[in-house]
Amino acid sequence: MTETLIGKGREAIEWLLDSDSFQENQAAERTFPENFGPGAVVGNGRLDGQEVVVLANDAQAMNEKFPVVYFGVIGLEEAYKMALAVYAVLKADRQKPTDEKRPLLLIVDTPGNAPGKLEEIAGMNKATGAYQLALAEARMAGHPVIAVVIGRAISGAFLCHGLQADRILAMKPEFGTMIHVMPVSSISRITKLDIEQLEELSKTNPVFAAGADFFYRLGGVEEILDSVEDIRPSVSRQIKALRKEKEQGKTGPLGRAILGEERGGRVWRSRVIRKMEEEFADFADDYRPWRADADGK
């Protein structure tokens, strides 16, 4: 039986990086206090000799200041810590050519955001939003951003820590990998559909299912990894491919929708878009005078 990798974020850093190269709490030139955002592990390191920065979840840590932040949850401090780490790299590498900008490597194992009253008052959404924006700016600035899902990638935590990457890799489902927006029980409460119906749909429909293989069908995951030994060479290969794309001016997670259609996970997307375009074309002229007035022409 394959052993689960949930809770092994720190071990994954060792699997990924060159031996003894990880410098925890040091991102580019910025140093973080040891007790700040303990659920987020950030640090400089090397992969095949090149400088990289790692941002990982530590599901074994607990933030004593925020009781709901444990088991990999991304809390207020954790999100700000990761955002500040990314911005430190952006600042340090701003004048470097594209092929020298440090890759940002995300190790993902998070059950989501579970903000308590204090975090909500302080602005939990600002913290996670800051991290999302930081990664988006890093992508656009030419930094390769690669996420490796080793355990759970769920809800808003995955939105900021993983989904913003140029490429997402995931361990095969046998390792306990789980990727989804929310459990079917929550979907049932929101949609008012019977949970039994949703559970049946989740067995075959990638939109409702929670496994990495289903998200692969949707085009969200670039590659499924069969073993721990595959992590390091796969990430290295993706960095090389992304550097070429960045030099050509391509930034961001391009082609996920196309991949999803090719893999049979997004069969209706293109049809719906075409239908909407056809219907809009029938009365598009009605909008042109309004748009002209709005533009002051």
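What this report covers is the structure whose coordinates are included nearby. These numbers were taken from a predicted model, which means no experiment stands behind them. (Residues numbered from 1 in each chain as written. Predicted model: local features only at pLDDT ≥ 70, side-chain atom pairs only at ≥ 80, totals over all residues. Heavy atoms only, no water.)

### What about the overall build of the protein chain?
Each helix and strand in the protein chain was counted, giving twelve helices and ten strands. Taking 19 Å as the expected radius of gyration for a compact globule of 297 residues, we find that the protein chain reaches 21 Å, a close match to that expectation. Along the first, second and third principal axes, the C-alpha atoms of the protein chain reach 65 × 50 × 40 Å. Expressed as a percentage of contacts within the protein chain between residues at least 6 apart in sequence, the contacts between residues at least 24 apart total 71%. (Helix = DSSP H or I, 4+ residues; strand = E, 2+ residues; numbered from the N terminus. Rg over C-alpha atoms; globule rule 2.2 N^0.38 Å. Contact = heavy atoms within 4.5 Å.)

### Some remarks on the nonpolar core
Judged by nonpolar contacts, the single largest core of 43 residues is most densely connected at Leu55, Val86, Leu104, Leu106, Tyr131 and Ile179. Counting residues per element, this core draws most heavily on helix α2 (residues 76-92), at nine residues. Every residue in contact with Tyr131, bar those within four places of it in the chain, is listed here: Leu55, Ala79, Met82, Ala83, Val86, Leu106, Cys160 and His161. Membership of the second largest hydrophobic core comes to 24 residues, among which are Val41, Val52, Leu105 and Leu225. (Core = buried A, V, L, I, M, F, W, Y, C linked by side-chain atoms within 4.5 Å. Buried < 20%, exposed > 50% of the residue type's maximum accessible area, 1.4 Å probe, protein only.)

### A few points about the packing of α2 against helix α4 (residues 124-141)
At a minimum axis separation of 8 Å, α2 and α4 run at an interaxial angle of 25 degrees. For the element pair α2 / α4, the angle class is roughly parallel. Note that α2 runs across α4; the crossing there is left-handed. Counted together, Leu76, Ala79, Tyr80, Met82, Ala83, Val86, Tyr87 and Leu90 of α2 and Met124, Lys126, Ala127, Thr128, Ala130, Tyr131, Leu133, Ala134, Leu135, Glu137, Ala138 and Ala141 of α4 form the full contact between these two elements. (Axes fitted to C-alpha atoms, helices over the stretch in contact; angles between N-to-C directions. Parallel < 35°, antiparallel > 145°, perpendicular 65-115°, else oblique. Left-handed = near helix turned anticlockwise from the far one by under 90°.)

### Some words on the pattern of salt bridges
Enumeration over the complete set of coordinates arrives at 16 salt bridges. Where Glu51 meets Arg102, a salt bridge forms, and the shortest distance between an N and an O atom there is 3.6 Å. Note that Glu51 is positioned in strand β5 (residues 50-57) and Arg102 in the loop between α2 and β6 (104-110), a separation of 51 residues in sequence. Under the relative-accessibility criterion, Arg102 is labelled buried at 8%. If you follow the salt bridges from partner to partner, you end up with Arg46, Glu51, Asp93, Lys96 and Arg102 in one network. (Salt bridge = Lys/Arg side-chain N within 4 Å of Asp/Glu carboxyl O.)

### Focus on unusual backbone geometry
Despite not being glycine, Ala28 shows a phi value in the positive range, around 55 degrees. A relative accessible area of 5% means that Ala28 is categorised as buried. Backbone geometry at Lys192 places phi at a positive 70 degrees, although glycine is not the residue there. Position of Lys192 among the secondary structure elements: in the loop between α6 (184-191) and α7 (195-201). Overall, the relative accessible area of 68% leaves Lys192 in the exposed class.

### Section: a nonpolar patch on the surface
Together, Val267, Trp268, Val272 and Met276 give the surface a local cluster of nonpolar side chains, amounting to about 420 Å² of exposed area. Tracing the sequence through the fold places Val272 in helix α11 (residues 269-283). By relative accessible area, Val272 is classed as partly exposed at 43%. (Patch = residues over 30% accessible without salt bridge, like charges linked within 9 Å, V, L, I, M, F, W, Y side chains within 5 Å. Areas by Shrake-Rupley, 256 points an atom, 1.4 Å probe, with all protein chains shown as cover.)

### What about the packing of aromatic side chains?
Across all of its chains, the model carries three aromatic pairs by this definition. Measuring from centroid to centroid gives 6.0 Å for Phe158 and Phe215, while their planes differ by 70 degrees, and the two rings are edge-to-face. Separated by 57 residues along the polypeptide, Phe158 in helix α5 (residues 155-160) and Phe215 in helix α8 (residues 212-217) bring together distant segments of the chain. Here the aromatic rings of Phe280 and Phe283 are separated by 5.6 Å at their centres, their planes lie at 75 degrees, and the arrangement is edge-to-face. One end of the pair, Phe280, and the other, Phe283, are both in helix α11, three residues apart, so they sit about a helical turn from each other. Accessibility expressed as a relative area gives 41% for Phe280, which makes it partly exposed. A relative accessible area of 36% means that Phe283 is categorised as partly exposed. (Phe/Tyr/Trp six-rings, centres within 6.5 Å; stacked < 30°, edge-to-face > 60°.)

### Digging into the pairing of strand β4 (residues 40-47)
The element β4 is extensively covered by neighbouring structure, given that seven of its eight residues are classed as buried. By the bridge criterion, two bridges tie strand β1 (residues 23-24) to β4 in an arrangement that is antiparallel. Counterpart to Glu24 in the pairing with β4 is Gly43. Pairing of β4 with β5 involves eight bridges; the strand directions are antiparallel. Bridge pairing in β5 places Leu47 opposite Gln50. (Pairing = 2+ DSSP bridges.)

All we've got here are geometric facts, nothing functional implied.
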